[in-house]
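One letter stands for each residue in the lines below.
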Amino acid sequence: MREPDLTTGRILLREPKLLALSGRHRLAGREAICLEDVADDTFADVVASVPDYWRDAHLPRQTPLGKALARGPAVTTLNEILLVAAAGQAISTVDIQVARRHARRDIFYARLLDTPPFEMGFVWRTTAEAALVRSFIRVAHDLPRHH
């Protein structure tokens, strides 16, 4: 998060990025995939009202070797992402929780090797920070971490 009115806590969870793709996709069945392997595919374009840097963190604009990644069709929800992936219209990066909670026969999930993991932690409005917020975050940071 880069907005000046938001405060970020430390990272609590790092999870690998996965690719959601049609079960009929040519790479379905592979345990791990690199961006170069799917450089000619189209990625679902999440058009939610988020900053460009946030979208680019989920899906870079190009592969590590510099090939531009095509984005489209436009989607706004997870259900739309899964629908276009299942139909073979696009592929998408997702986190491991999506794969766990949305297992489907028509979608295959593979680990995406050459991108940084998703990082999750607390974010709060700086002006709303209070003793209660600080106490909650301190307790959350002290909890055991499960992967």
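No experiment lies behind these values; they were computed from the predicted model shown. Residue numbers restart at each chain and count upward from 1, following the sequence in its written direction. Totals for whole chains, interfaces and linings use all residues, but because this is a predicted model, local features are given only for residues with pLDDT of at least 70 and pairs of side-chain atoms are given and counted only at 80 or more. Hydrogens and waters are ignored; side-chain quantities use all the structure's heavy atoms.

Enquirer: Can you walk me through the overall build of the protein in this structure?
Expert: The way it works is that DSSP assigns letters per residue, a run of H or I at least four long becomes a helix, a run of E at least two long becomes a strand, and they are numbered from the N terminus. When you go through the protein residue by residue, the secondary structure sums to four helices and eight strands. Reading the protein from its N end, one meets helices and strands in the order β-β-β-β-α-β-α-β-α-β-β-α. Across its three principal axes, the protein shows a C-alpha extent of roughly 55 × 30 × 30 Å. Between buried and exposed lies partly exposed: a residue is buried under 20% and exposed over 50% of the maximum accessible area for its type, with that area taken using a 1.4 Å probe on protein chains only. Within the protein, the fraction of its 147 residues that count as buried is 33%. Two residues qualify as a contact provided that any one of their heavy atoms is within 4.5 Å of a heavy atom in the partner residue. In the protein, once contacts between residues fewer than 6 apart in sequence are set aside, the share between residues at least 24 apart is 76%. None of His or the chain ends enter the tally, which takes Lys and Arg as positive and Asp and Glu as negative. All charge positions are set by atom: Lys at NZ, Arg at CZ, Asp at CG, Glu at CD. Separation of charge centres in the protein, based on 20 positive and 18 negative side chains, amounts to 4 Å.

Enquirer: Whenever I open this one, the pairing of strand β4 (residues 42-46) confuses me. Can you help?
Expert: Within a regular strand, the side chains alternate between the two sheet faces. In this analysis, strands are considered paired if DSSP registers two or more bridges between them. Here β4 runs beside strand β5 (residues 70-75); their pairing, made up of four bridges, is parallel. Looking at β5, one finds that Asp45 is bridged to Ala74. Since β4 and β5 lie parallel, the crossover through helix α1 (residues 52-58) that links them has a hand, and here it is right-handed. With the strands aimed away from the viewer, a crossover counts as right-handed if its path from the first strand over the helix to the second runs clockwise.

Enquirer: Would you mind showing me how to read the layout of surface pockets here?
Expert: It is the rolling of a water-molecule-sized probe over the atoms that shows where space remains empty. Put simply, the grid is 1 Å and covers the protein atoms alone, a cavity is a trapped set of points that fit a 1.4 Å probe, a pocket is an open set with protein on both sides within 12 Å along at least five of seven lines, and lining residues have an atom within 4 Å of a point. Grid points are joined across faces, edges and corners, and a volume is the space filled by probe spheres set on the points. The space that makes up the largest pocket amounts to roughly 940 Å³. In terms of lining, the largest pocket is formed by 36 residues, of which the most central are Trp54, Ala57, His58, Phe118 and Glu119. For the lining of the largest pocket, the secondary structure elements donating two or more residues are β1 (6-15), β4, α1, α2 (78-86), β6 (92-95) and β8 (118-125). Top contributing element to the lining of the largest pocket by residue count: β8, with six residues.

Enquirer: How should I be thinking about the sheet that holds β6 in this particular structure?
Expert: By definition, the strands of a sheet pair up through backbone hydrogen bonds, in either a parallel or an antiparallel sense. If you trace the four strands from one edge of the open sheet to the other, you get β3-β7-β2-β6, paired in mixed fashion. Bordering the open sheet on either side are β3 (32-33) and β6, each of which pairs with just one other strand. As judged from the four bridges shared by strand β2 (residues 17-22) and β6, these two strands associate in the antiparallel manner. If you follow Leu19 over to β6, its bridge partner there is Thr93.

Enquirer: Any chance you could explain the packing of aromatic side chains here in plain terms?
Expert: To describe a pair of aromatic rings, you give the distance between the ring centres and the angle between the ring planes. When two rings of Phe, Tyr or Trp (its six-membered ring) have centres within 6.5 Å they constitute a pair, described as stacked for plane angles under 30 degrees, edge-to-face for angles over 60, and tilted for the intermediate range. Overall, the coordinates contain one aromatic pair when judged by the stated rule. Ring centres 5.3 Å apart and planes at 70 degrees place the aromatic pair Phe122 and Phe136 in the edge-to-face group. Placement of Phe122 in strand β8 and of Phe136 in helix α4 (residues 131-142) is noted, with a sequence separation of 14 residues between them. Taking the relative accessible area as the measure of exposure, Phe122 reaches 24% and is therefore partly exposed. Note on criteria: charge over ring means Lys NZ or Arg CZ within 6 Å of the ring centre, with the direction from the centre no more than 35 degrees off the ring normal. Above the plane of the ring of Phe118 lies Lys17, whose end atom (NZ or CZ) is 5.1 Å from the centre.

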